[in-house]
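Structure assessment
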Amino acid sequence: MLLIRQECAGDAEVIAALHAVAHTDTDIRVPALVGELRKGSAWIPQLSLVAVENDDIVGHVLGTRSSVGGRDLPAIALAPLGVRPDRRGRGIGYALCSAAIATADAAGESLLGICGPAEFCARAGFVPAADYRIDWSGPAELYVRALNAYQPAFRGEFHYAAEFGAPVPQQPVG
Ligand SMILES: CC(C)(COP(=O)(O)OP(=O)(O)OC[C@H]1O[C@@H](n2cnc3c(N)ncnc32)[C@H](O)[C@@H]1OP(=O)(O)O)[C@@H](O)C(=O)NCCC(=O)NCCS
């Protein structure tokens, strides 16, 4: 049975190991990035979610404080998202994303952004950022999902937390 739950004390090492094997196609050191984010102000404990199967952590998604426009419109960046290679294609990534969306929506957040595979993002209900007049200067396409608190005035440039580096991640860090 698959369980999605919030990260708890003692999970950090397993989460780092998971991202080390999940993200082999990016120059970004994803485990170190998660460690930096965990120490910073962008960290939102309720949005560090793990997928657990038979007592094993098989996936993780992190939602961190980001912003839109002149940094005064709070948004959430979903990154990284990773599923253990031997457990892919069974709905775990989708379940993690859905749980993060529901948690962010219940917390009154307005908008989520994610850089990831187009088909996966579409399946999780994300659309190209331009559809919402959200500007993005990164090389990987940004997809967004508006939540219940979204207002049409919510537009401008999407900014990841500073830990992701300036100006933007060079590749999807999902
Ligand atoms: C992307 C990733 C998280 C997907 O996890 P997963 O558990 O295999 O995904 P799911 O099984 O929940 O797939 C959900 C849907 O997205 C599609 N999908 C999943 N991975 C995909 C990929 N890499 N490219 C295109 N489509 C993909 C699936 O076909 C599925 O669609 P379906 O339900 O219509 O069959 C996983 O492949 C991964 O960890 N990749 C490496 C890190 C990464 O690229 N992260 C992406 C950030 S969004």
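Whatever comes next refers back to the structure up there.
This write-up is about the structure you can find in this document. Predicted model, so just to flag it, every value in this text is computed and none were measured.

Focus on the overall build of the protein chain
- Counting its secondary structure elements, the protein chain contains four helices and nine strands.
- In the protein chain, the succession of helices and strands from N to C terminus is β-α-α-β-β-β-α-β-α-β-β-β-β.
- Since a compact globule built from 174 residues should have a radius of gyration of about 16 Å, the 15 Å found for the protein chain is in line with a globular shape.
- Along the first, second and third principal axes, the C-alpha set of the protein chain runs to 45 × 30 × 30 Å.
- Counting only residues that meet the buried cut, the protein chain has 48% of its 174 residues in that class.
- Here the analysis covers contacts within the protein chain between residues at least 6 apart in sequence; of these, 65% occur between residues at least 24 apart.
- Per element, the accessible surface of the protein chain, about 8300 Å² overall, is 51% carbon and sulfur.

Considerations on the pairing of strand 3 (residues 56-68)
- Within strand 3, eleven of the 13 residues are buried, which leaves it mostly tucked inside the rest of the structure.
- Direction of pairing for strand 2 (residues 43-53) relative to strand 3: antiparallel, over a ladder of seven bridges. Within the sheet, the bridge partner assigned to Glu53 lies in strand 3 and is Asp56.
- Where strand 2 hands over to strand 3, the hairpin turn is made up of two residues, of which Asn54 adopts a positive phi near 50 degrees.
- Note that strand 3 and strand 4 (residues 73-83) share nine bridges and pair antiparallel. If you follow Thr64 over to strand 4, its bridge partner there is Ala77.
- Note that strand 3 and strand 9 (residues 156-159) share two bridges and pair antiparallel.

Focus on helix 1 (residues 12-22)
- For helix 1, the complete set of buried residues consists of Ile15, Leu18, His19 and Ala22. Buried residues along helix 1 cover an arc of 95 degrees about the axis, so they all sit on one side.

Digging into the environment of Ser48
- Mapped onto the secondary structure, Ser48 falls in strand 2.
- Other than its neighbours up to four places away in sequence, Ser48 contacts Arg5, Gln6, Glu7, Trp43, His60, Val61 and Leu62.
- Reaching out from Ser48, the side chain makes a polar contact with the side chain of Glu7 at a distance of 2.5 Å.
- Of note is the side chain of Ser48, whose polar atom sits 2.9 Å from the side chain of His60.

The rules we used
Counting from 1, residues in each chain are numbered in the order their sequence is written. Restriction of local features to residues with pLDDT of at least 70 applies here, the model being predicted, together with a cutoff of 80 or more for giving and counting side-chain atom pairs; totals for whole chains, interfaces and linings are based on all residues. Only hydrogens and water are removed before side-chain values are computed, so all heavy atoms of the structure are retained for them. Secondary structure is summarised from DSSP: a helix means a run of H or I of at least four residues, a strand means a run of E of at least two, and numbering begins at the N terminus for each. Note that the radius of gyration is over C-alpha atoms, with the globule rule given as 2.2 Å times the number of residues to the power 0.38. In this scheme, a residue with accessible area under 20% of its type's maximum is buried, one over 50% is exposed, and one in between is partly exposed, where area comes from a 1.4 Å probe on protein chains only. Any two residues whose heavy atoms approach within 4.5 Å are treated as being in contact. Residue-level accessible areas treat just the shown protein chains as cover; the underlying method is Shrake-Rupley with a 1.4 Å probe. Two strands qualify as a pair provided that DSSP identifies no fewer than 2 bridges between them. Throughout, the arc means that of the directions going from the helix axis to the C-beta atoms. Within 3.5 Å is the distance limit for a polar contact, defined as a pair of N or O atoms, with the added protein rule that one can donate a hydrogen and the other accept it, and that residues adjacent in sequence qualify only through two side-chain atoms.

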